[in-house]
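Here is how the chains run, residue by residue.
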Amino acid sequence: MVNLTAIKNIKNSFFVLPFKKRFHQEKELSFEEKQNQTLIDIGYKLKRFREKHSICLERVAIVTMIRINLLEAIEEGNLEKLPEPVYIQGLIKRYADAMGLNGEQLANLFPTEKTQETNKKSLLNLSMPQLRPHHLYFLYVLIVLLSVSLLPRVMSSSLILGKKSEINNYRKEKNHSNLAQASSGNIKTEEKSTEKITIAKLEKQNKKQSLAVSVIVKEDSWVSIKVDGQIAFEGTLVQGTQKTWEAQEQLVFFAGNAGGIFIPINNGQTMRLGKTGEVKEVVFTPTDTKISQSSNTKN
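Conventions we followed
- Residues numbered from 1 in each chain as written.
- Predicted model: local features only at pLDDT ≥ 70, side-chain atom pairs only at ≥ 80, totals over all residues.
- Heavy atoms only, no water.
- Helix = DSSP H or I, 4+ residues; strand = E, 2+ residues; numbered from the N terminus.
- Expected span 1.5 Å × (residues − 1).
- Buried < 20%, exposed > 50% of the residue type's maximum accessible area, 1.4 Å probe, protein only.
- Arc of directions from axis to C-beta.
- Phe/Tyr/Trp six-rings, centres within 6.5 Å; stacked < 30°, edge-to-face > 60°.
- Lys NZ or Arg CZ within 6 Å of the ring centre and 35° of its normal.
- Salt bridge = Lys/Arg side-chain N within 4 Å of Asp/Glu carboxyl O.
- pLDDT = per-residue confidence, 0-100.
- Contact = heavy atoms within 4.5 Å.
- Pairing = 2+ DSSP bridges.
- Axes fitted to C-alpha atoms, helices over the stretch in contact; angles between N-to-C directions.

1. Some points on helix 2 (residues 31-52)
Phase 1: Over its 22 residues, helix 2 runs 32 Å from end to end, which matches the ideal 32 Å to within 8%, given 1.5 Å per residue.
Phase 2: Residues of helix 2 that are buried include every one of F31, Q35, T38, L39, I42, G43, L46 and R50, and no others. Around the axis of helix 2, the buried residues are gathered within 135° of arc, so they sit on the same side. Within helix 2, the exposed residues directed more than 90 degrees away from the buried face are Y44, R48 and K52.
Phase 3: S54 sits one or two residues past helix 2 and shows a positive phi near 55°.

2. Here's the deal with the packing of aromatic side chains
Phase 1: Applying the stated criterion across every chain, the model contains 2 aromatic pairs.
Phase 2: With centroids separated by 6.2 Å and ring planes inclined at 80°, the aromatic side chains of W222 and F254 adopt a geometry described as edge-to-face. Taken as a pair, W222 in strand 2 (residues 221-227) and F254 in strand 5 (residues 251-255) lie far apart in primary sequence, 32 residues in all.
Phase 3: According to the relative accessible area criterion, W222 is partly exposed, its value standing at 39%.
Phase 4: On the numbers, 6.2 Å between centres and 40° between planes, the contact of F233 with W245 is tilted. Of this pair, F233 sits in strand 3 (residues 230-237) while W245 sits in strand 4 (residues 242-247), and the two are 12 residues apart along the sequence.
Phase 5: Here the basic side chain of K243 rests over the ring of F233, its NZ or CZ set 4.5 Å away from the ring centre.

3. Looking at the pattern of salt bridges
If the charged atoms of two oppositely charged side chains come close together, the side chains can form a pair.
Phase 1: Applying the stated rule across the entire model yields 2 salt bridges.
Phase 2: Residues E75 and R50 are paired through a salt bridge, measuring 2.9 Å at the closest nitrogen-oxygen approach. Residue E75 is located in helix 4 (residues 68-76), and its partner R50 is located in helix 2; the two are separated by 25 residues in the primary sequence. Both residues of the pair, E75 and R50, count as buried.
Phase 3: Its salt-bridge partner being K93, residue D97 comes within 3.1 Å of it at the nearest N-O pair. Of the two residues, D97 and K93 are both situated in helix 5 (residues 85-98); the distance of 4 residues between them amounts to about one turn of the helix.
Phase 4: D97 gets classed as partly exposed once you look at its relative accessible area, which sits at 38%.

4. Topic: the confidence of the model for the chain
Phase 1: For the chain, the mean per-residue pLDDT works out to 77, and 71% of the residues sit at or above 70.
Phase 2: Per-residue pLDDT, averaged within each element of the chain, yields its smallest value for helix 1 (residues 4-27) (47) and its largest for helix 4 (94).
Phase 3: Every residue in residues 10-21 scores below 50 in pLDDT, and together they form 4 contacts with partners more than four places removed in sequence or on other chains.
Phase 4: Every residue in residues 122-128 scores below 50 in pLDDT, and together they form 0 contacts with partners more than four places removed in sequence or on other chains.

5. Thoughts on the sheet that holds strand 2
Phase 1: In space, the 5 strands of this open sheet follow the order 3-2-5-8-9, with antiparallel pairing throughout. Only two strands of the sheet have a single neighbouring strand rather than two, namely strand 3 and strand 9 (289-291). Sheet twist, expressed as the average angle between the axes of neighbouring strands with direction ignored, equals 10°.
Phase 2: One ladder, built from 5 bridges, connects strand 2 with strand 5; its direction is antiparallel. Each residue of the ladder has a partner; that of K226, found in strand 5, is V252.

6. Some remarks on the sheet that holds strand 6 (residues 261-264)
What links the strands of a sheet is backbone hydrogen bonding, and the strands pair in either a parallel or an antiparallel sense.
Phase 1: Read from one edge to the other, the open sheet built from 4 strands follows the order 4-1-6-7, with strand pairing classed as antiparallel. Both edges of this open sheet fall to strand 4 and strand 7 (270-272), since each of them pairs with a single strand only. Strand-to-strand twist of the sheet, defined as the mean angle between neighbouring strand axes without regard to direction, takes the value 30°.
Phase 2: Bridge count for strand 1 (residues 211-217) against strand 4 is 6 bridges, and the pairing is antiparallel. Paired with V215 across the strands is K243, a residue of strand 4.

7. Quick word on helix 5
Phase 1: With 14 residues, helix 5 should cover 20 Å at 1.5 Å per step; its first-to-last C-alpha distance of 20 Å lies within 8% of that length.
Phase 2: Residues of helix 5 that are buried include every one of P85, I88, Q89, L91, I92, Y95 and A96, and no others. Down the axis of helix 5, the sector holding all buried residues measures 165°, keeping them to one side.
Phase 3: Turning to helix 5, the residues buried within the fold contact helix 2, helix 3 (57-64), helix 4 and helix 6 (103-108).
Phase 4: The first or second residue beyond helix 5 is G100, which carries a positive phi of 85°.

Here it is, written out as structure tokens:
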């Protein structure tokens, strides 16, 4: 007699149990493992198709403009040598299109993080509870209660803010008035200082406007010199004498023999004070020169 139970156990051990194990393994695969497994399958298909049509990898690299090391990584299913998953999809599409396959379809088989996130979002949307009318009613009541309880606080805070704004405006106006007063005071002080400066400049100019009188004696002559109201010299100047007197306001030159006195003027020229034996009085100031008429003449 054949033991049927033993045969069933053998079948289960060879067929059912490995299938269950494979099912659980696939169920327990992580996202990275799924990516790796999918890449291995895609790479195997591409490599097999390439070798079947006797196409070298260098030619594929030239047509697709993809480096050979990246093409080898795709065929080997090596994720570590490849860039981000989004770029891997693009490389698969270009490789498959160059082989004459449906590149877009083959690239979409490779999972990326975006597809995983969209799946999670869809699951979350499905798991969210649906809102009912009584839920909305309770929410409306809650909003009304909160608004009633918070209204006094909002009103008080608005009053406080209004008072603060009034205080700030008052302070600003006061600061503006203080600044205006300070600026007017500064303007007055500046005007006073400018007046002082102009007065000082005028005084300096007046001081600078002094006069100097030089004389050249070509004939003996008695002279009297008054500088700013004081006698600076009185006596006879001998022929060949050259002298200079300086004054701030006035210099009075009195000559007994005006014809022997010469005064230098512009361009190296000299001016004879008068005729020989003529008595003359000349008053020099910084702005003017006055020569008196002859009083008497020596015979």
